[in-house]
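# A closer look at the structure
Here is what each chain is made of, one letter per residue.
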Amino acid sequence: MNITKIETIWIDEQPHNMWVRIHTDDGLIGLGETFYVPRAVSAVIHDVFADLLLDNDPRDIEKHWNNMFSTVNFYGYAGAESRAISAVDVALWDIVGQHTGEPIYNLLGGRSRDRIRVYNTCVSYGDCRDYDLWRNGRSGELAEDLLKNGIKAMKIWPFDQFGVMIRDPKGPRYPNEGVGPTGHFISQEDLLKGISHVEDIRKTVGDKIEIAVEGHSRWDLTVATKIAHALEPYNLMWLEEIILPDNADAYARLKASTNIPLCVSERIFARFGFREVVEKNAADIIMPDLVWTGGITETRKICSLADTYYLPVTCHDCVGPVALWAATHMMLHIPNAMIMETVRAFYNGWYKEVVTEEIPISEGPYKFNGLPGLILEISDVQNHYNYKLKSFEKFKNPASVELKVSHFIKSDKIA
């Protein structure tokens, strides 16, 4: 079995998502995904990885991972390069699952459990307005609704609104409150406003729901410590990425100063980045993002590293359906899985529009029915979206590689 063609796909309606499809000479198609700068990631796959992969056996996953990583690491591996490796790696595992007739969790060594607890990241999309509810002071009402739907943990980010924004004289340059320079001061008034969202949850539902607070790396160590101390009475599940994850010593200092568990960090790439966090006692919970940090191959090694230090793992996912499903295979397999991130606004919304299989979630992802590979396929998106596809294909002459670029512009978009 050999790889014959590699495709990358992105759609205007979800401008940060990119899917990769890897074709084999026996008709199998593996599916992978990543998130952020899809054109840059696509360029890495087609300009660098295609020659490493085409005409090779997709089952040699470890070899392919090392070849890709070693090639880009010559210039520095993090960023689009790591996202490209991640998407390709997931697609290769999908192929091997289909080829063997086994789900990916069986290829990894089988299940440690048949389902995993989930929490809801409170984002808005379509008819689901979770973000609007808590951001407008109705976080307790949102918690009640989540509990009614069997979801017993939630994540909000109530301090981002007080961080430093990216601006110029014409006004805000980037509207996402989670993105911006490090903040070095928060007023007592703003601190209490942020706390009020958590306080409302506890007043409304008590301890019936777990609460995680996301920090999006918006604060320095001094402010992060102040926020952590103010949150301590509310029995949080964790405080996530409240400072940038590139200084493990700073996280170790924060961890030593608070009794709130620290969760670190979706932004860290590869096991080499997580090694320092783990060894310096800088986190209580390890959170890799499988489609950023190196795919299934690398995430399994990160999870084993965490397990060596008796640390639990939660997989990050605010990304896409393939990322969620691939991470669920991982979380069903590893012994130290704690809880899985999900976004009900997405899996009840746009996820249904781009993949063939619905992802039913209540208290935990649906028990997998043993189907091979990922179980997911990209739906017929070219009939519904502004659709871009790039394809590298190896023809009969092994020295001949052709780049095809196709643009399908359709007006009948799915609302």
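Look a little higher up for the structure.
Just so it is clear, the structure is predicted and the values come from calculations on it, not from any experiment.

The next thing to look at is empty space enclosed by the protein. Counted by the stated rule, this structure contains 1 cavity of 30 Å³ or more. Quantified by volume, the largest cavity comes out at close to 30 Å³. In terms of lining, the largest cavity is formed by Trp 65, Phe 69, Tyr 77, Ser 82, Ile 85, Ala 270, Thr 293 and Gly 294. Put simply, the parts of the chain that give the lining of the largest cavity at least two residues each are helix 2 (61-73) and helix 3 (80-100). Classifying every residue of the lining of the largest cavity by side-chain character gives 5 nonpolar, 3 polar and no charged.

Moving on, we come to the nonpolar core. With 127 residues, the main nonpolar core has Phe 49, Leu 231 and Ile 286 as its most contacted residues. Top contributing element to this core by residue count: helix 3, with 11 residues. For Ile 286, the contacting residues outside a window of four places in its chain are Val 264, Phe 274, Val 277, Val 278, Ile 302, Ala 306, Leu 311, Pro 312, Val 313 and Thr 314. Counting 9 residues, the second-largest nonpolar core is a separate cluster that includes Tyr 119, Met 237, Trp 238 and Ile 285.

Right, let's get into the sheet that holds strand 11 (residues 238-240). Spatially, 13-12-11-10-7-4-14 is the arrangement adopted by the 7 strands of the open sheet, whose pairing is parallel. Since the sheet does not close on itself, it has two edges, and those belong to strand 13 (285-286) and strand 14 (340-342), each with one partner.

With that settled, consider the packing of helix 10 (residues 270-279) against helix 11 (residues 295-308). Taken N-terminus to C-terminus, the directions of helix 10 and helix 11 make an angle of 15°; their axes are 9 Å apart at the nearest point. One element, helix 10, and the other, helix 11, form an angle in the roughly parallel class. Here helix 10 and helix 11 pass one another in a crossing that is right-handed. Contacts from Ala 270, Arg 271, Phe 272, Phe 274, Arg 275 and Val 278 of helix 10 reach helix 11 at Glu 298, Lys 301, Ile 302 and Leu 305. For the contact of helix 10 with helix 11, a count of residues per class yields 6 nonpolar, no polar and 4 charged.

With that out of the way, let us pick up the packing of helix 11 against helix 12 (residues 321-333). Closest axis-to-axis distance for the helix 11/helix 12 pair is 11 Å, and the angle between their directions is 35°. The chirality of how helix 11 crosses helix 12 is right-handed. Residues Ile 296, Thr 299, Arg 300 and Cys 303 of helix 11 pack against Ala 326, Met 330 and His 333 of helix 12. Grouping the amino acids of the contact of helix 11 with helix 12 by side-chain chemistry returns 4 nonpolar, 2 polar and 1 charged.

The next thing to look at is helix 6 (residues 139-148). For helix 6, every residue scored as buried is listed here: Ser 139, Gly 140, Leu 142, Ala 143 and Leu 146. The arc that holds the buried residues of helix 6, viewed along the axis, is 155°, so those residues lie on one side. Summarising the contacts, the buried residues of helix 6 are in contact with strand 4 (118-121), helix 5 (130-135), strand 7 (153-156), helix 7 (188-205) and helix 13 (344-347). Where helix 6 ends, the next residue or the one after it, Gly 150, has phi of about 80°, a positive value.

The next point concerns the side chain of Glu 298. Along the chain, Glu 298 falls in helix 11. Glu 298 sits in the buried class, given a relative accessible area of 0%.

Cis geometry is adopted by the peptide bond preceding Ser 265, which originates at Val 264 and carries an omega value of -25°. With respect to the helices, strands and loops of the structure, Ser 265 is situated in the loop between strand 12 (262-264) and helix 10. Even without a glycine there, the phi angle at His 216 is positive, about 50°. Structurally, His 216 is set in the loop between strand 10 (210-214) and helix 8 (221-231). Exposure remark for His 216: the relative accessible area of 19% places this residue in the buried category. The backbone of Glu 241 shows a phi angle near 45°, a positive value even though the residue is not glycine. Position of Glu 241 among the secondary structure elements: in the loop between strand 11 and helix 9 (248-257). Using a relative accessible area of 1% as the deciding quantity, one classes Glu 241 as buried.

Reading the values: rules and limits
- Residues numbered from 1 in each chain as written.
- Predicted model: local features only at pLDDT ≥ 70, side-chain atom pairs only at ≥ 80, totals over all residues.
- Heavy atoms only, no water.
- 1 Å grid on protein atoms, 1.4 Å probe; cavity = no way out; pocket = protein on both sides within 12 Å on 5 of 7 lines; lining within 4 Å.
- Points joined across faces, edges and corners; volume = space filled by probe spheres on them.
- Helix = DSSP H or I, 4+ residues; strand = E, 2+ residues; numbered from the N terminus.
- Nonpolar A, V, L, I, M, F, W, Y, C, P; charged D, E, K, R; others polar.
- Core = buried A, V, L, I, M, F, W, Y, C linked by side-chain atoms within 4.5 Å.
- Buried < 20%, exposed > 50% of the residue type's maximum accessible area, 1.4 Å probe, protein only.
- Contact = heavy atoms within 4.5 Å.
- Pairing = 2+ DSSP bridges.
- Axes fitted to C-alpha atoms, helices over the stretch in contact; angles between N-to-C directions.
- Parallel < 35°, antiparallel > 145°, perpendicular 65-115°, else oblique.
- Left-handed = near helix turned anticlockwise from the far one by under 90°.
- Arc of directions from axis to C-beta.

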